Amino acid sequence: MIEIENVRKSFGTLEVLKGIDLTVQKGEVVTVIGGSGSGKSTLLTCINGLEPIDSGRILVDGTEVHAKATDLNRLRRKIGIVFQQFNAFPHLTVLENVMLAQVKVLKRPKAEAEAEAVKQLNHVGLGDKLAVYPSRLSGGQQQRMAIARALAMSPGYMLFDEVTSALDPQLVGEVLDTLRMLAREGMTMICVTHEMKFAREVSDRVAFFHKGVMAEIAPPDHLFGAPRDPELQKFLSATH
Ligand SMILES: Nc1ncnc2c1ncn2[C@@H]1O[C@H](COP(=O)(O)OP(=O)(O)OP(=O)(O)O)[C@@H](O)[C@H]1O
Ligand SMILES: [Mg+2]
């Protein structure tokens, strides 16, 4: 499980996370919504230790992410993260892209890495694209490749940061379908998203961030059906 306890974080004089508390249980899907600059991406980068925090603590399976003694590289293997901006090695095929970190980071034998890559690429519906170069994939296919690459590392947790927001509208659905599938399979996920319909369908709980504060968190029926926080009410009426 992921335990976030009173986490504060500033960039210079700007306090971006103002005491966040959130526990995500194994198998739970939590989506995070909120306006631009509210701290959503920062929270994800703090969870996998890409960003330091100023106070509070974050535990992943009981290991404190920002403790000095923590082996961050090891901890990060448990946490897959997929961003809005896709990055692949253009000179490697789709299959090779999904194999690379398995071999380099996990030291898996090539044959094993290849088998896992094929499995995960099939899983996200790219079984027919193994030998293709990333530039030949559509945006939605590229994002699904990024998801396969993260899954191939056998993570316990997946963090998604607006993975559909750079996509043409007709490609959003296929990526959301992939996330829905992972949710159904019981993957523990935190998804930052602007897709309210998706958040409503897939989440166990939805968290609304406003100016560095988690202003409300509730099951989707409650959060969307009967929002209590006035800023959330404003946000929802603006996005509908
Ligand atoms: N590396 C950084 N250095 C300085 N300021 C930063 C840095 N990263 C983020 N910020 C600032 O922190 C605030 C929160 O940023 P964050 O990216 O977490 O917001 P967000 O909720 O993900 O927004 P969006 O919906 O636009 O992605 C913003 O004001 C941003 O400008
Ligand atoms: Mg963001």
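- As named in an unreviewed UniProt entry, the protein is Amino acid ABC transporter ATP-binding protein, taken from Paracoccus sediminis.
- Recorded in UniProt for the protein, the comment headed Subcellular location (unreviewed entry) runs: "Cell membrane".
- Per its UniProt entry, the protein bears the Sequence similarities (unreviewed entry) comment "Belongs to the ABC transporter superfamily."

1. With respect to the environment of Lys197
Point 1. On the secondary structure map, Lys197 appears in helix α7 (residues 196-202).
Point 2. In sequence terms Lys197 and Phe224 are 27 residues apart; their C-alpha atoms lie 9.8 Å from each other.

2. Considering the pattern of salt bridges
Point 1. By the definition in use, this model includes 13 salt bridges.
Point 2. With its nearest N and O atoms 3.9 Å apart, the salt bridge here joins Glu216 to Arg228. Here Glu216 is found in strand β10 (residues 213-218), whereas its partner Arg228 is found in the loop between α8 (220-225) and α9 (230-239), with 12 residues between them in sequence.
Point 3. Given the relative accessible area of 5%, Glu216 is considered buried.
Point 4. Look at Arg228 and you get exposed, because its relative accessible area is 61%.
Point 5. Among the ionic pairs, Lys234 bridges to Glu231, the shortest N-O distance being 3.5 Å. Here Lys234 pairs with Glu231, and both are found in helix α9, just three residues apart, close to one helical turn.
Point 6. Judged by relative accessible area, which is 27%, Glu231 ranks as partly exposed.
Point 7. A single network of salt bridges, built from pairs that share partners, joins Asp177, Arg180, Lys197 and Glu201.

Criteria and thresholds
Sequence order as written defines the numbering, with residues in each chain counted from 1. Chain labels run from A onward and ligand labels from 1 onward, assigned in the order the entries are written. This being a predicted model, a pLDDT of at least 70 is required before a residue's local features are given, and a value of 80 or more before pairs of side-chain atoms are given or counted; all residues contribute to the totals for chains, interfaces and linings. Side-chain numbers here rest on the full set of heavy atoms in the structure, without hydrogens or water. UniProt positions are given in the numbering used here, feature names are shortened, and annotations may be inferred rather than shown by experiment. The helix and strand labels rest on DSSP assignments: H or I over at least four residues marks a helix, E over at least two residues marks a strand, and numbering proceeds from the N terminus. Salt bridge, as applied in this entry: a Lys or Arg side-chain nitrogen positioned within 4 Å of an Asp or Glu carboxyl oxygen. Throughout this description, buried means an accessible area under 20% of the type-specific maximum (1.4 Å probe, protein chains only), exposed means over 50%, and partly exposed covers the range between.

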